[in-house]
Amino acid sequence: MIKLKIKIRLEGYDMSRDKKLLKNTIIYAIGNISSKFLIFLFLPIYTKFLTPSEFGTYDLIVTIVALMVPIISFQIQEAVFRYIIDENSSRKRNQVISSAFQIAIRNISLTNIVYIAVVYLFNIKYSILIMLYFNVYIISELYLQVARGLKKNKEYATAGVINTFSNVFSIILLLIILHLKIEALLISVILGFLISIGYLEIKLKLIKKVNFFKWNSVMNNQLLSYSIPLIPNILNWWIMNVSDRLLLNYYIGIEANGIYAVANKFPSMLFVMSSIFYLAWQESSITEFESKDRDSFYTKMFNGYMKFQFSCLFILLSCSYILMYFFVDNQFKDAYFYMPFLFLGAIFSAFSSFYGTGFQSSKETKGSFYSSVVGSIINIILNIILIPMVGVQGAAIATMLAFLSMWIMRIKQTKKYFRIQLDYKTLISLTIITLIFMVIYFNVESELIRITTIILSIVIAGFYNKNLLNLVFNKGYLRRTQ
(Lines give C-alpha, C1' and ligand atoms only; values in the text may rest on other atoms or scores of the structure.)
Protein backbone atom coordinates (compact mmCIF):
# COMPACT_ATOMS: atom_id res chain seq x y z
CA MET A 1 0.00 0.00 0.00
CA ILE A 2 1.24 3.43 -0.90
CA LYS A 3 1.23 5.79 2.05
CA LEU A 4 0.75 9.45 1.39
CA LYS A 5 2.41 11.90 3.76
CA ILE A 6 1.53 15.55 3.81
CA LYS A 7 4.39 17.83 4.74
CA ILE A 8 4.06 21.51 5.24
CA ARG A 9 7.05 23.09 3.62
CA LEU A 10 8.27 26.34 2.17
CA GLU A 11 11.76 26.07 0.79
CA GLY A 12 12.76 23.96 3.79
CA TYR A 13 11.13 26.40 6.18
CA ASP A 14 9.10 25.04 9.09
CA MET A 15 5.56 26.37 8.69
CA SER A 16 4.36 25.48 12.20
CA ARG A 17 5.26 28.93 13.57
CA ASP A 18 3.46 30.61 10.69
CA LYS A 19 0.40 28.50 11.36
CA LYS A 20 0.50 29.32 15.06
CA LEU A 21 0.83 33.03 14.33
CA LEU A 22 -2.06 32.88 11.87
CA LYS A 23 -4.22 30.92 14.33
CA ASN A 24 -3.56 33.41 17.13
CA THR A 25 -4.23 36.31 14.79
CA ILE A 26 -7.63 34.83 13.89
CA ILE A 27 -8.50 34.25 17.56
CA TYR A 28 -7.50 37.79 18.51
CA ALA A 29 -9.44 39.08 15.50
CA ILE A 30 -12.61 37.45 16.80
CA GLY A 31 -12.14 39.17 20.15
CA ASN A 32 -11.12 42.57 18.82
CA ILE A 33 -12.49 43.12 15.36
CA SER A 34 -16.10 43.12 16.51
CA SER A 35 -15.56 45.74 19.20
CA LYS A 36 -13.09 47.84 17.20
CA PHE A 37 -15.18 47.90 14.04
CA LEU A 38 -18.27 48.71 16.09
CA ILE A 39 -17.10 52.33 16.06
CA PHE A 40 -16.93 52.24 12.29
CA LEU A 41 -20.22 50.40 11.78
CA PHE A 42 -22.02 52.80 14.11
CA LEU A 43 -20.50 55.85 12.43
CA PRO A 44 -23.71 56.59 10.46
CA ILE A 45 -25.64 56.56 13.74
CA TYR A 46 -23.10 58.75 15.54
CA THR A 47 -23.06 61.30 12.73
CA LYS A 48 -26.86 61.27 12.51
CA PHE A 49 -27.66 61.66 16.21
CA LEU A 50 -24.66 63.81 17.21
CA THR A 51 -23.53 67.19 15.91
CA PRO A 52 -19.88 67.69 14.92
CA SER A 53 -19.40 69.56 18.20
CA GLU A 54 -20.90 66.73 20.30
CA PHE A 55 -18.95 64.06 18.46
CA GLY A 56 -15.81 66.14 18.86
CA THR A 57 -16.45 66.43 22.61
CA TYR A 58 -16.92 62.67 23.01
CA ASP A 59 -13.82 62.00 20.94
CA LEU A 60 -11.86 64.38 23.17
CA ILE A 61 -13.06 62.56 26.32
CA VAL A 62 -12.01 59.19 24.89
CA THR A 63 -8.63 60.63 23.91
CA ILE A 64 -8.01 62.13 27.36
CA VAL A 65 -8.97 58.87 29.10
CA ALA A 66 -6.53 57.10 26.78
CA LEU A 67 -3.89 59.42 28.23
CA MET A 68 -4.93 58.80 31.84
CA VAL A 69 -5.00 55.00 31.69
CA PRO A 70 -1.28 54.28 31.08
CA ILE A 71 -0.27 56.92 33.65
CA ILE A 72 -2.62 55.60 36.32
CA SER A 73 -1.94 51.92 35.65
CA PHE A 74 1.84 52.27 35.13
CA GLN A 75 1.20 49.94 32.16
CA ILE A 76 1.23 47.09 34.69
CA GLN A 77 -1.04 45.03 32.43
CA GLU A 78 1.79 44.77 29.89
CA ALA A 79 4.16 43.54 32.58
CA VAL A 80 1.78 40.88 33.85
CA PHE A 81 1.44 39.45 30.34
CA ARG A 82 5.19 39.40 29.72
CA TYR A 83 6.05 37.78 33.07
CA ILE A 84 3.46 35.00 33.07
CA ILE A 85 3.52 33.96 29.41
CA ASP A 86 6.77 32.01 29.77
CA GLU A 87 6.35 31.08 33.47
CA ASN A 88 5.54 27.43 34.14
CA SER A 89 5.15 27.64 37.92
CA SER A 90 1.55 28.34 38.97
CA ARG A 91 2.80 29.73 42.29
CA LYS A 92 4.98 32.32 40.55
CA ARG A 93 2.21 33.16 38.10
CA ASN A 94 -0.11 33.87 41.02
CA GLN A 95 2.56 36.08 42.60
CA VAL A 96 2.80 38.10 39.39
CA ILE A 97 -0.98 38.42 39.11
CA SER A 98 -1.29 39.41 42.79
CA SER A 99 1.37 42.10 42.46
CA ALA A 100 -0.23 43.49 39.30
CA PHE A 101 -3.66 43.77 40.91
CA GLN A 102 -2.21 45.33 44.07
CA ILE A 103 -0.44 48.02 42.04
CA ALA A 104 -3.49 48.67 39.85
CA ILE A 105 -5.97 48.96 42.72
CA ARG A 106 -3.62 51.18 44.75
CA ASN A 107 -3.11 53.52 41.80
CA ILE A 108 -6.81 53.64 40.92
CA SER A 109 -7.75 54.46 44.53
CA LEU A 110 -5.23 57.29 44.80
CA THR A 111 -6.27 58.67 41.42
CA ASN A 112 -9.95 58.65 42.37
CA ILE A 113 -9.22 60.73 45.47
CA VAL A 114 -7.30 63.31 43.45
CA TYR A 115 -9.91 63.28 40.66
CA ILE A 116 -12.81 63.90 43.07
CA ALA A 117 -10.94 66.90 44.50
CA VAL A 118 -10.33 68.28 41.00
CA VAL A 119 -13.99 67.81 40.05
CA TYR A 120 -15.06 69.59 43.24
CA LEU A 121 -12.90 72.58 42.31
CA PHE A 122 -13.56 72.78 38.57
CA ASN A 123 -17.01 71.20 38.06
CA ILE A 124 -16.11 68.92 35.12
CA LYS A 125 -19.01 67.83 32.92
CA TYR A 126 -19.71 64.06 32.79
CA SER A 127 -17.29 63.72 35.73
CA ILE A 128 -18.83 60.58 37.29
CA LEU A 129 -19.02 58.76 33.96
CA ILE A 130 -15.43 59.70 33.14
CA MET A 131 -14.22 58.35 36.49
CA LEU A 132 -16.11 55.08 36.02
CA TYR A 133 -14.78 54.91 32.48
CA PHE A 134 -11.08 54.94 33.38
CA ASN A 135 -11.63 52.71 36.44
CA VAL A 136 -13.25 49.85 34.53
CA TYR A 137 -10.95 50.42 31.53
CA ILE A 138 -7.87 49.65 33.64
CA ILE A 139 -9.37 46.59 35.36
CA SER A 140 -10.64 45.26 32.05
CA GLU A 141 -7.21 45.59 30.44
CA LEU A 142 -5.63 43.80 33.38
CA TYR A 143 -8.06 40.88 33.09
CA LEU A 144 -7.51 40.66 29.33
CA GLN A 145 -3.71 40.62 29.58
CA VAL A 146 -3.81 37.97 32.30
CA ALA A 147 -5.99 35.86 30.00
CA ARG A 148 -3.42 36.26 27.22
CA GLY A 149 -0.52 35.46 29.54
CA LEU A 150 -2.27 32.30 30.71
CA LYS A 151 -2.82 31.47 27.00
CA LYS A 152 -6.57 31.59 27.43
CA ASN A 153 -6.92 33.19 24.02
CA LYS A 154 -10.41 31.86 23.38
CA GLU A 155 -11.65 33.38 26.63
CA TYR A 156 -9.93 36.63 25.62
CA ALA A 157 -11.76 36.59 22.29
CA THR A 158 -15.12 35.74 23.86
CA ALA A 159 -14.78 38.66 26.29
CA GLY A 160 -14.33 40.98 23.31
CA VAL A 161 -17.46 39.64 21.62
CA ILE A 162 -19.48 40.03 24.83
CA ASN A 163 -18.24 43.60 25.17
CA THR A 164 -19.38 44.31 21.61
CA PHE A 165 -22.90 42.95 22.03
CA SER A 166 -23.28 44.93 25.24
CA ASN A 167 -22.21 48.10 23.42
CA VAL A 168 -24.64 47.47 20.55
CA PHE A 169 -27.59 46.97 22.88
CA SER A 170 -26.69 49.99 25.01
CA ILE A 171 -26.20 52.34 22.06
CA ILE A 172 -29.52 51.31 20.50
CA LEU A 173 -31.34 51.85 23.79
CA LEU A 174 -29.58 54.94 25.11
CA LEU A 175 -28.67 56.88 21.95
CA ILE A 176 -31.29 55.94 19.36
CA ILE A 177 -34.32 55.43 21.63
CA LEU A 178 -33.62 57.63 24.66
CA HIS A 179 -31.49 60.27 22.84
CA LEU A 180 -28.98 60.61 25.69
CA LYS A 181 -26.24 61.89 23.33
CA ILE A 182 -22.73 61.83 24.83
CA GLU A 183 -23.93 60.14 28.02
CA ALA A 184 -25.22 57.22 25.94
CA LEU A 185 -21.80 56.53 24.44
CA LEU A 186 -20.00 56.73 27.78
CA ILE A 187 -22.50 54.49 29.59
CA SER A 188 -22.40 51.90 26.80
CA VAL A 189 -18.60 51.69 27.00
CA ILE A 190 -18.67 51.32 30.80
CA LEU A 191 -21.30 48.57 30.69
CA GLY A 192 -19.34 46.70 28.05
CA PHE A 193 -16.22 46.71 30.21
CA LEU A 194 -18.11 45.61 33.34
CA ILE A 195 -19.85 42.68 31.66
CA SER A 196 -16.65 41.43 30.01
CA ILE A 197 -14.83 41.68 33.37
CA GLY A 198 -17.59 39.57 34.93
CA TYR A 199 -17.23 36.92 32.24
CA LEU A 200 -13.43 36.71 32.61
CA GLU A 201 -13.70 36.46 36.39
CA ILE A 202 -16.07 33.51 36.01
CA LYS A 203 -13.66 31.80 33.62
CA LEU A 204 -10.30 32.68 35.21
CA LYS A 205 -11.30 33.07 38.89
CA LEU A 206 -8.59 35.67 39.42
CA ILE A 207 -9.97 36.93 42.72
CA LYS A 208 -9.05 33.56 44.24
CA LYS A 209 -5.53 33.81 42.84
CA VAL A 210 -4.89 37.33 44.14
CA ASN A 211 -3.44 37.90 47.59
CA PHE A 212 -4.47 41.50 48.28
CA PHE A 213 -2.67 41.75 51.61
CA LYS A 214 0.81 40.29 51.07
CA TRP A 215 2.98 42.94 49.43
CA ASN A 216 5.82 41.37 47.47
CA SER A 217 8.30 44.24 47.02
CA VAL A 218 10.73 42.26 44.88
CA MET A 219 8.06 41.17 42.41
CA ASN A 220 6.43 44.60 42.38
CA ASN A 221 9.75 46.26 41.55
CA GLN A 222 10.41 43.74 38.79
CA LEU A 223 7.07 44.43 37.16
CA LEU A 224 7.39 48.19 37.53
CA SER A 225 10.91 48.24 36.10
CA TYR A 226 9.47 46.58 33.01
CA SER A 227 6.19 48.51 32.73
CA ILE A 228 7.07 52.11 33.63
CA PRO A 229 9.42 52.64 30.64
CA LEU A 230 6.49 51.65 28.41
CA ILE A 231 4.45 54.64 29.58
CA PRO A 232 6.16 57.16 27.24
CA ASN A 233 5.65 54.72 24.38
CA ILE A 234 1.91 54.55 25.04
CA LEU A 235 1.70 58.27 25.73
CA ASN A 236 3.26 58.82 22.34
CA TRP A 237 0.16 57.36 20.68
CA TRP A 238 -1.94 59.68 22.81
CA ILE A 239 0.19 62.71 21.97
CA MET A 240 -0.05 61.86 18.28
CA ASN A 241 -3.83 62.01 18.60
CA VAL A 242 -4.47 64.62 21.25
CA SER A 243 -1.97 67.20 20.00
CA ASP A 244 -3.76 67.07 16.65
CA ARG A 245 -7.13 67.58 18.28
CA LEU A 246 -6.13 70.22 20.81
CA LEU A 247 -4.23 72.27 18.24
CA LEU A 248 -7.02 71.92 15.69
CA ASN A 249 -9.42 73.12 18.35
CA TYR A 250 -7.09 76.04 19.16
CA TYR A 251 -6.36 77.17 15.59
CA ILE A 252 -9.65 76.31 13.83
CA GLY A 253 -12.37 75.24 16.28
CA ILE A 254 -14.19 72.27 17.80
CA GLU A 255 -16.05 71.48 14.55
CA ALA A 256 -12.75 70.90 12.77
CA ASN A 257 -11.91 68.44 15.55
CA GLY A 258 -15.19 66.61 14.92
CA ILE A 259 -14.49 66.33 11.18
CA TYR A 260 -10.92 65.20 11.86
CA ALA A 261 -12.26 62.60 14.30
CA VAL A 262 -14.50 61.18 11.55
CA ALA A 263 -11.56 61.18 9.11
CA ASN A 264 -9.61 59.12 11.67
CA LYS A 265 -12.32 56.46 11.93
CA PHE A 266 -11.51 55.00 8.52
CA PRO A 267 -7.74 54.77 9.08
CA SER A 268 -8.64 53.25 12.43
CA MET A 269 -9.53 50.11 10.46
CA LEU A 270 -5.82 49.77 9.68
CA PHE A 271 -5.00 50.44 13.34
CA VAL A 272 -7.47 47.72 14.29
CA MET A 273 -5.92 45.16 11.96
CA SER A 274 -2.46 46.18 13.13
CA SER A 275 -3.38 45.90 16.81
CA ILE A 276 -4.86 42.44 16.24
CA PHE A 277 -1.76 41.19 14.45
CA TYR A 278 0.43 42.89 17.07
CA LEU A 279 -1.16 40.84 19.86
CA ALA A 280 -0.37 37.61 18.02
CA TRP A 281 3.06 38.79 16.88
CA GLN A 282 3.95 39.92 20.41
CA GLU A 283 3.38 36.36 21.62
CA SER A 284 5.34 34.80 18.74
CA SER A 285 8.22 37.26 18.95
CA ILE A 286 8.68 36.54 22.67
CA THR A 287 8.55 32.76 22.31
CA GLU A 288 10.88 32.78 19.27
CA PHE A 289 13.31 35.40 20.58
CA GLU A 290 15.95 32.84 21.56
CA SER A 291 15.55 30.63 18.48
CA LYS A 292 18.53 30.11 16.17
CA ASP A 293 16.73 31.26 13.03
CA ARG A 294 15.10 34.24 14.74
CA ASP A 295 16.31 36.82 12.21
CA SER A 296 15.08 34.89 9.19
CA PHE A 297 11.72 34.29 10.89
CA TYR A 298 11.35 37.98 11.83
CA THR A 299 12.41 39.04 8.31
CA LYS A 300 9.88 36.76 6.65
CA MET A 301 7.11 37.96 8.94
CA PHE A 302 7.84 41.67 8.51
CA ASN A 303 8.14 41.63 4.73
CA GLY A 304 4.87 39.72 4.50
CA TYR A 305 3.28 42.14 6.95
CA MET A 306 4.50 45.10 4.89
CA LYS A 307 2.87 43.73 1.74
CA PHE A 308 -0.39 43.10 3.60
CA GLN A 309 -0.51 46.59 5.11
CA PHE A 310 0.08 48.35 1.80
CA SER A 311 -2.47 46.08 0.11
CA CYS A 312 -5.08 47.17 2.66
CA LEU A 313 -4.08 50.78 1.99
CA PHE A 314 -4.73 50.40 -1.76
CA ILE A 315 -8.17 48.87 -1.16
CA LEU A 316 -9.15 51.53 1.38
CA LEU A 317 -7.97 54.39 -0.84
CA SER A 318 -9.98 53.08 -3.77
CA CYS A 319 -13.11 52.40 -1.69
CA SER A 320 -13.08 55.51 0.53
CA TYR A 321 -15.59 57.46 -1.56
CA ILE A 322 -18.08 54.58 -1.25
CA LEU A 323 -17.54 54.33 2.51
CA MET A 324 -18.05 58.07 2.90
CA TYR A 325 -21.28 57.95 0.90
CA PHE A 326 -22.86 55.16 2.93
CA PHE A 327 -21.42 55.72 6.41
CA VAL A 328 -20.95 59.46 6.92
CA ASP A 329 -23.50 62.25 7.06
CA ASN A 330 -23.07 65.09 4.56
CA GLN A 331 -22.02 67.58 7.26
CA PHE A 332 -18.80 65.54 7.73
CA LYS A 333 -18.02 65.15 3.99
CA ASP A 334 -14.76 67.16 4.17
CA ALA A 335 -13.25 64.29 6.19
CA TYR A 336 -12.66 62.50 2.86
CA PHE A 337 -9.74 64.77 1.95
CA TYR A 338 -7.80 64.13 5.17
CA MET A 339 -7.82 60.34 5.13
CA PRO A 340 -4.90 59.35 2.82
CA PHE A 341 -2.12 60.73 5.02
CA LEU A 342 -3.83 59.24 8.07
CA PHE A 343 -3.87 55.86 6.30
CA LEU A 344 -0.11 56.15 5.78
CA GLY A 345 0.36 57.18 9.40
CA ALA A 346 -1.48 54.03 10.48
CA ILE A 347 0.86 51.89 8.37
CA PHE A 348 4.04 53.48 9.73
CA SER A 349 2.64 53.09 13.25
CA ALA A 350 2.13 49.37 12.57
CA PHE A 351 5.71 49.00 11.34
CA SER A 352 7.02 50.84 14.39
CA SER A 353 5.04 48.54 16.71
CA PHE A 354 6.37 45.45 14.92
CA TYR A 355 9.95 46.50 15.62
CA GLY A 356 9.01 47.59 19.14
CA THR A 357 8.45 43.99 20.22
CA GLY A 358 12.23 43.71 20.40
CA PHE A 359 12.22 45.82 23.55
CA GLN A 360 9.59 43.61 25.16
CA SER A 361 11.13 40.30 24.12
CA SER A 362 14.46 41.34 25.64
CA LYS A 363 12.70 42.92 28.67
CA GLU A 364 14.71 46.08 27.95
CA THR A 365 11.70 48.36 27.61
CA LYS A 366 13.67 51.52 28.24
CA GLY A 367 14.67 51.43 24.58
CA SER A 368 11.14 52.27 23.47
CA PHE A 369 11.31 55.53 25.41
CA TYR A 370 13.65 57.40 23.06
CA SER A 371 11.90 56.78 19.74
CA SER A 372 8.54 57.53 21.39
CA VAL A 373 9.72 60.88 22.71
CA VAL A 374 11.26 61.87 19.37
CA GLY A 375 8.06 60.92 17.53
CA SER A 376 5.94 62.98 19.94
CA ILE A 377 8.16 66.04 19.64
CA ILE A 378 8.13 65.85 15.83
CA ASN A 379 4.35 65.54 15.83
CA ILE A 380 3.81 68.58 18.04
CA ILE A 381 6.28 70.77 16.15
CA LEU A 382 4.81 69.84 12.78
CA ASN A 383 1.27 70.44 14.04
CA ILE A 384 2.22 73.94 15.19
CA ILE A 385 3.82 74.66 11.80
CA LEU A 386 1.40 72.95 9.42
CA ILE A 387 -2.09 73.50 10.91
CA PRO A 388 -1.93 77.32 10.52
CA MET A 389 -0.58 76.82 6.99
CA VAL A 390 -2.81 74.10 5.50
CA GLY A 391 -5.52 73.57 8.13
CA VAL A 392 -6.79 70.12 9.04
CA GLN A 393 -4.58 68.48 6.42
CA GLY A 394 -1.56 69.72 8.37
CA ALA A 395 -2.53 67.55 11.34
CA ALA A 396 -2.81 64.48 9.10
CA ILE A 397 0.60 65.11 7.50
CA ALA A 398 2.19 65.70 10.93
CA THR A 399 0.85 62.38 12.20
CA MET A 400 2.17 60.51 9.18
CA LEU A 401 5.68 62.00 9.40
CA ALA A 402 5.89 61.44 13.16
CA PHE A 403 5.09 57.72 12.86
CA LEU A 404 7.50 57.41 9.93
CA SER A 405 10.30 58.91 12.03
CA MET A 406 9.54 56.45 14.85
CA TRP A 407 9.76 53.48 12.51
CA ILE A 408 13.10 54.62 11.08
CA MET A 409 14.51 55.12 14.58
CA ARG A 410 13.40 51.69 15.73
CA ILE A 411 14.97 50.01 12.72
CA LYS A 412 18.31 51.32 14.01
CA GLN A 413 17.56 50.77 17.71
CA THR A 414 16.55 47.12 17.44
CA LYS A 415 19.58 45.92 15.46
CA LYS A 416 21.13 44.78 18.74
CA TYR A 417 18.15 42.44 19.28
CA PHE A 418 17.51 41.20 15.74
CA ARG A 419 18.32 42.08 12.14
CA ILE A 420 15.42 42.26 9.73
CA GLN A 421 16.45 42.33 6.06
CA LEU A 422 14.00 44.77 4.49
CA ASP A 423 12.84 43.88 0.98
CA TYR A 424 13.69 47.31 -0.46
CA LYS A 425 12.71 46.36 -4.00
CA THR A 426 9.18 45.53 -2.87
CA LEU A 427 9.04 48.60 -0.62
CA ILE A 428 9.95 50.90 -3.54
CA SER A 429 7.36 49.32 -5.83
CA LEU A 430 4.67 49.62 -3.12
CA THR A 431 5.61 53.28 -2.58
CA ILE A 432 5.23 54.04 -6.30
CA ILE A 433 1.82 52.34 -6.41
CA THR A 434 0.79 54.34 -3.32
CA LEU A 435 1.68 57.62 -5.05
CA ILE A 436 -0.36 56.65 -8.11
CA PHE A 437 -3.39 55.76 -5.98
CA MET A 438 -3.14 59.04 -4.07
CA VAL A 439 -3.01 61.07 -7.29
CA ILE A 440 -6.19 59.32 -8.41
CA TYR A 441 -7.74 59.81 -4.97
CA PHE A 442 -7.34 63.59 -4.96
CA ASN A 443 -7.84 64.36 -8.65
CA VAL A 444 -10.21 61.86 -10.31
CA GLU A 445 -14.01 61.85 -9.99
CA SER A 446 -14.82 59.56 -12.91
CA GLU A 447 -16.92 56.61 -11.74
CA LEU A 448 -15.38 54.33 -14.36
CA ILE A 449 -11.83 55.09 -13.21
CA ARG A 450 -12.84 54.70 -9.56
CA ILE A 451 -14.37 51.27 -10.21
CA THR A 452 -11.31 50.27 -12.22
CA THR A 453 -9.13 51.38 -9.30
CA ILE A 454 -11.09 49.17 -6.88
CA ILE A 455 -10.65 46.14 -9.14
CA LEU A 456 -6.96 46.96 -9.61
CA SER A 457 -6.40 47.29 -5.85
CA ILE A 458 -7.85 43.81 -5.26
CA VAL A 459 -5.68 42.31 -8.01
CA ILE A 460 -2.57 43.99 -6.57
CA ALA A 461 -3.45 42.76 -3.08
CA GLY A 462 -3.81 39.21 -4.37
CA PHE A 463 -0.48 39.41 -6.21
CA TYR A 464 1.50 40.67 -3.21
CA ASN A 465 -0.15 38.32 -0.72
CA LYS A 466 0.01 34.99 -2.57
CA ASN A 467 1.93 33.34 0.26
CA LEU A 468 -0.57 34.48 2.87
CA LEU A 469 -3.52 33.27 0.79
CA ASN A 470 -1.82 29.92 0.26
CA LEU A 471 -1.20 29.59 3.98
CA VAL A 472 -4.83 30.44 4.81
CA PHE A 473 -6.27 27.98 2.31
CA ASN A 474 -3.55 25.33 2.77
CA LYS A 475 -2.61 25.35 -0.88
CA GLY A 476 0.84 25.57 -2.38
CA TYR A 477 2.49 24.63 0.93
CA LEU A 478 1.04 21.17 1.02
CA ARG A 479 3.33 18.75 -0.67
CA ARG A 480 2.42 15.07 -1.05
CA THR A 481 5.29 12.65 -1.11
CA GLN A 482 5.30 8.92 -1.57
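Please refer to the structure placed before this passage.
Residues numbered from 1 in each chain as written. Predicted model: local features only at pLDDT ≥ 70, side-chain atom pairs only at ≥ 80, totals over all residues. Heavy atoms only, no water.

Engineer: What should I look at first to understand the overall build of the protein chain in this one?
Structural biologist: Helix and strand counts for the protein chain stand at 20 helices and 3 strands. Whereas a compact globule of 482 residues would reach a radius of gyration of roughly 23 Å, the protein chain reaches 23 Å, a difference of no more than 12%. Burial status across the protein chain gives 56% buried among its 482 residues. Here the analysis covers contacts within the protein chain between residues at least 6 apart in sequence; of these, 86% occur between residues at least 24 apart. (Helix = DSSP H or I, 4+ residues; strand = E, 2+ residues; numbered from the N terminus. Rg over C-alpha atoms; globule rule 2.2 N^0.38 Å. Buried < 20%, exposed > 50% of the residue type's maximum accessible area, 1.4 Å probe, protein only. Contact = heavy atoms within 4.5 Å.)

Engineer: Sorry if this is basic, but what is going on with a nonpolar patch on the surface here?
Structural biologist: A cluster of nonpolar side chains, contributed by F369, Y370, V373, I377, I381, I385, M389 and V390, occupies part of the molecular surface with about 750 Å² of accessible area. Along the chain, I381 turns up in helix 16 (residues 367-390). The exposure class assigned to I381 is partly exposed, which follows from its relative accessible area of 45%. (Patch = residues over 30% accessible without salt bridge, like charges linked within 9 Å, V, L, I, M, F, W, Y side chains within 5 Å. Areas by Shrake-Rupley, 256 points an atom, 1.4 Å probe, with all protein chains shown as cover. Salt bridge = Lys/Arg side-chain N within 4 Å of Asp/Glu carboxyl O.)

Engineer: Could you clarify how one ought to interpret empty space enclosed by the protein in this entry?
Structural biologist: Over the atoms, a rolled probe matching the size of one water molecule traces out where space is still vacant. In this structure the tally under the stated criterion is 2 cavities of 30 Å³ or more. For the second largest cavity, the calculated volume is near 70 Å³. For the lining of the second largest cavity, the secondary structure elements donating two or more residues are helix 14 (294-327), helix 18 (424-443) and helix 19 (447-464). Residue classes in the lining of the second largest cavity are distributed as 7 nonpolar, 2 polar and 1 charged. (1 Å grid on protein atoms, 1.4 Å probe; cavity = no way out; pocket = protein on both sides within 12 Å on 5 of 7 lines; lining within 4 Å. Points joined across faces, edges and corners; volume = space filled by probe spheres on them. Nonpolar A, V, L, I, M, F, W, Y, C, P; charged D, E, K, R; others polar.)

Engineer: Would you take a moment to explain the layout of surface pockets for this structure?
Structural biologist: In this structure, the second largest pocket encloses a volume near 320 Å³. Taken together, 16 residues form the lining of the second largest pocket, with Y321, K333, Y336, F337 and R450 sitting closest to its centre. Elements with a minimum of two residues in the lining of the second largest pocket: helix 14 and helix 18. Residues of the lining of the second largest pocket, tallied by class, amount to 9 nonpolar, 2 polar and 5 charged.

So far we have only geometry, and geometry alone does not tell us how the molecule works.
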